[in-house]
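Commentary on secondary and tertiary structure
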Amino acid sequence: MSDLRRSVALTVLSAVLVMTASSARAQSGSEWPMYGGDYANTRYSTLNQINTGNVSRLRVRWIRSLGSLESQEATPIVVGDTMYVSTSTGPKYVFALNAKDGTVKWKYEPEIPQDVFATVCCGLDSRGVAYANGKIFVTRLDAKLVALDANTGKELWTVTVVDYKVGHAITSPPVLYKNLVVTGYAGGEYGVRGAVQAYNQNTGDLVWKTYTVPGPGEPGNETWKGDSWKTGGGSTWYVGSYDPKLNLLYWGTSNAGPWGGHTRSTDTSEYGQYMNVHTASQLAFNADTGKIAWAYQTTPADVWDYDAVNEAVLTDLTVGGQKIPALLKADRNGFFYVLNRENGHLVSAEPFVHLNWAKAVDKATGRPVEDPEKRPQLNRWARNVCPNLFGGKNWQPMSYSEQTGLVYIPSFNLCMDIAGKTEAYNPGKFYLASEFDLDKADTGGFLSEFKAWDPVKQTAVWGIKEDLPFLGGAMSTAGGLVFYGNQHGELKAVDAKTGAVLWKFHVGTGILQSPTTYMIDGKQYLAVVAGRVKGPPSFLGKIGQKVIDASPEGGLVVVFELAN
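Residues numbered from 1 in each chain as written. Predicted model: local features only at pLDDT ≥ 70, side-chain atom pairs only at ≥ 80, totals over all residues. Heavy atoms only, no water.

1. Some details on the sheet that holds strand β25 (residues 382-385)
- Taken together, the 3 strands give an open sheet; going across it, the order is β25-β28-β29, and neighbouring strands pair in antiparallel fashion. For this open sheet the edge positions go to β25 and β29 (434-441), each flanked by a neighbour on one side alone. The average undirected angle you get between the axes of adjacent strands in this sheet is 15°.
- In this sheet, β29 lies alongside strand β28 (residues 414-420) in antiparallel orientation, the contact comprising 6 bridges. Note on β29: the bridge partner recorded for Gly-420 is Ser-434. (Pairing = 2+ DSSP bridges. Helix = DSSP H or I, 4+ residues; strand = E, 2+ residues; numbered from the N terminus. Axes fitted to C-alpha atoms, helices over the stretch in contact; angles between N-to-C directions.)

This is the structure we're talking about:
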C-alpha cells in the first residue's frame, strides 16, 4: 500500500472509530485499534471465524523478535494492515509491522537515559502504544510522551509529562479521544503525587492537569494528616476508559503513599476523616476539562498496597430488572465492584477471590468492613493477610464477553505478612514505611486461577487453577472463545461457556498480556506478545523463583492462523 493510500485508509478508520464510539461498548472488529480493544476496555472481539469448532486447527503464521528481554507487557494494536507494538526497556523499540507476515515497516528507537532504570518500581515494561488521526502515541519510562507519524515513524513532538528523577515513570499507553491524548504516570512507591494530564494531539500542548490527591483548599484535603498529601501517592500508572455518550473519562488510582498508615492517617481501622482521598479509588473525570465528576474509594486509608488502578470495564447490565450503565472492576483488594458509571453509586461488591482483610463491603456506605487484626500498624505485624499486595487481580486485563455476559479474570491466590515501619522521605528513593513477606500461598494447592465470573449474580461460573502466579490477561470473542496465557509459556483457547481447554500452544517464554485478534483480506489472525515476567517475582521468595525457573527470558510476537 502506498503512503498516500495508507494515509487515506488510516484517516477513514479514525472517522469510523469516532462514529462507532457512540456506545462505550463498541467492540473491536477487523482491527484491534486500541489497548483494550475498545474505549470500554472489554477486550471482546466480534470476530468469529476462529471458533470453538475449529480452534484446534490454529497454527503459527509468523514470529517476530522484539529485541529486548525484560517483561513483555504490550498489547499490539492493529490499524488497517499494520501492527504497532512496543517492547520492554524504555520502550527499547516501537515497531510497525505488516500484520499479515510480520515484516518491519519502520522502527522507532528512543534514547532513554540510563539512570531511568534506577527509579522504576516494578519492571522495565511498556504496555503498548495508541493510535489516532495518523499518529502513534508512545509513553516512556523517562516520563515523556511522544507523537510519531504512523506511516513513517518520524517523531512529530515530544513533551515531558513529569520528572522521572524523583520516581515518576509512564508504563501504559494513553487514552485518545476528540483532539486529546491523556496519560497518567507511575510512582506510588516513591512519594509522588498522582495526576492525570491531557495534551493536544497535534501540538503536544498541555490542555488540563488534575491531581488525584487534593492540596490545601481543594475538596478532600482534610482527609490527609498534616502535609502528608505532598507525598500521598494516588498514581495513575495503568490505563483509562472512556464513555463518549457521557463524555466521562475513567481512571483508577494507586495506593496511598507511603504504605505505612501512621504517616498520613490514624494507623487504625478507625481512620475517621483520614481516609486519604482519592487514593485506591475509581475516578471519573469530565473528559473536556479534567474536573473530577465522581469518586469511589475501594480501600480507604490503604495500608496493604491495594492499588485500585485495574482497568474499568464499561458495559450495560440488567440488575433486578433495571438496566444499569455499569462500570466493572476486579479490584486488587479482592472485591468485584459493579458501579453505576454515571454517578459512581455502588451497585454491588462481592469477593471474587478468598480474602480476609475485610468481611464485606457495607452497601450503605460503600466502605469495606475491616478485620482490625489484618490492618498492619507501626511496628505491628498483620499476619496471613489475603490477598497479598499483588491483589486478587493485578494489571493483567480481564475481558467482558457480550456473548456470554461473563467476565474472565486472571486472579491470584496469595497472602502476606505486613507491618509499618519508620522511614524518611528522600526524593527518587523508595518510600514505603512498610516491610512485608509475600512468599505465602493461600489454601487450595494453587497459586492463581483463571476465572469466569457473572457480574450480575456476583458468583463464579467456572475456573482453571494454575500452579504459578502472574497469569496472562484475557481476550474473548464471538467465536465462543476466551484466550489467556501463563508463565510456563502456554497460550490457551478455552470454551467461554464451560471452561473446557480446547487448544494450547507453547510459545517458549511466559505470557503476561492478553492476546488480540484481527482480520485482513477475510482471514482472522490471533496475536500474542510473550516474554516472561521479570522484577515482581523477586518479591515472592521461593514462589517467585518457581516463576523465574518456569521459562526463559524472551521477547517476541507470535501470530496464528487457521490451517487450511
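Back to the text.
2. Here we look at the packing of aromatic side chains
- Scanning the entire structure with this criterion turns up 31 aromatic pairs.
- Ring geometry for Tyr-518 versus Tyr-525: centroids 5.3 Å apart, planes at 20°, classification stacked.
- Overall, Tyr-518 belongs to the buried group, its relative accessible area being 0%.
- Accessibility expressed as a relative area gives 3% for Tyr-525, which makes it buried.
- Through pairs of rings, three or more aromatic residues link up here, namely Tyr-296, Trp-304, Tyr-306, Phe-335, Tyr-337 and Trp-357.
- Positioned over the ring face of Trp-395 is Arg-127, at 4.7 Å from the centre of the ring.
- For Lys-465, the ring lying beneath its charged end belongs to Phe-446, and the centroid distance is 5.0 Å. (Phe/Tyr/Trp six-rings, centres within 6.5 Å; stacked < 30°, edge-to-face > 60°. Buried < 20%, exposed > 50% of the residue type's maximum accessible area, 1.4 Å probe, protein only. Lys NZ or Arg CZ within 6 Å of the ring centre and 35° of its normal.)

3. Here's the deal with empty space enclosed by the protein
- Tallied over the entire structure, the rule returns 3 cavities of 30 Å³ or more.
- The calculated volume of the largest cavity comes to roughly 520 Å³.
- Looking at the largest cavity, it is lined by 35 residues, and the ones nearest its centre are Cys-121, Cys-122, Glu-189, Trp-237 and Pro-536.
- When the residues that make up the lining of the largest cavity are grouped by side-chain class, the tally is 19 nonpolar, 9 polar and 7 charged.
- Approximately 40 Å³ is the volume attributed to the second largest cavity. (1 Å grid on protein atoms, 1.4 Å probe; cavity = no way out; pocket = protein on both sides within 12 Å on 5 of 7 lines; lining within 4 Å. Points joined across faces, edges and corners; volume = space filled by probe spheres on them. Nonpolar A, V, L, I, M, F, W, Y, C, P; charged D, E, K, R; others polar.)

4. Digging into the state of the cysteines
- All told, the structure shown has 1 disulfide when counted by the stated rule.
- Shown here is the disulfide that connects Cys-386 with Cys-415, its sulfur atoms set 2.0 Å apart. Measuring the twist about the S-S bond at about 100°, one finds the Cys-386-Cys-415 disulfide to be right-handed. Of this pair, Cys-386 sits in the loop between β25 and β26 (399-400) while Cys-415 sits in strand β28, and the two are 29 residues apart along the sequence. (Disulfide = S-S within 2.5 Å.)

5. A closer look at the side chain of Thr-516
- Structurally, Thr-516 can be placed in strand β36 (residues 516-520).
- Thr-516 sits in the buried class, given a relative accessible area of 0%.
- Leaving out residues up to four positions away in the same chain, Thr-516 has contacts with Trp-32, Thr-75, Pro-76, Met-475, Tyr-525, Leu-526 and Ala-527. (Contact = heavy atoms within 4.5 Å.)

6. Brief notes about the confidence of the model for the protein chain
- Looking at the protein chain as a whole, the pLDDT averages 94, with 95% of positions reaching at least 70.
- Contacts for the low-pLDDT stretch residues 1-23, under 50 throughout, to residues beyond four places or in other chains number 23 contacts. (pLDDT = per-residue confidence, 0-100.)

7. Here's the deal with the nonpolar core
- Core analysis: the largest hydrophobic core is formed by 46 residues, its most contacted members being Tyr-250, Trp-294, Trp-357, Val-385, Met-416 and Phe-470.
- Of all elements in the fold, only β16 (248-252), β18 (292-297), β21 (335-340), β23 (358-361), β25, β28 and α2 (541-550) reach the threshold of two or more residues within this core.
- Dropping the residues within four chain positions of it, Phe-470 is found in contact with Phe-390, Gln-396, Phe-412, Gln-487, Ile-511, Leu-512, Val-533, Pro-536, Pro-537, Leu-540 and Val-547.
- Ala-130, Ala-132, Ile-170 and Val-181 belong to the second-largest nonpolar core, a separate cluster that totals 23 residues. (Core = buried A, V, L, I, M, F, W, Y, C linked by side-chain atoms within 4.5 Å.)

8. Thoughts on the sheet that holds strand β1 (residues 44-45)
- A sheet is described by the order of its strands in space; here 5 strands give the open sequence β1-β32-β33-β34-β35, paired in mixed fashion. The open sheet terminates on both sides in strands that have one partner only, identified here as β1 and β35 (501-506).
- In this structure, strand β32 (residues 475-477) lies alongside strand β33 (residues 481-485), joined through 2 bridges in antiparallel fashion. By the bridge assignment for β33, Ser-476 is matched with Val-482.

9. Some remarks on the pairing of strand β4 (residues 82-86)
- By the criterion of burial, β4 is predominantly enclosed, with 5 of the 5 residues buried.
- The alternating pattern of β4 places Thr-82, Tyr-84 and Ser-86 on one face and Met-83 and Val-85 on the opposite face, and all of these are buried.
- The pairing of strand β3 (residues 77-79) with β4 spans 3 bridges and is classified as antiparallel. Bridged to Ile-77 within β4 is Tyr-84.

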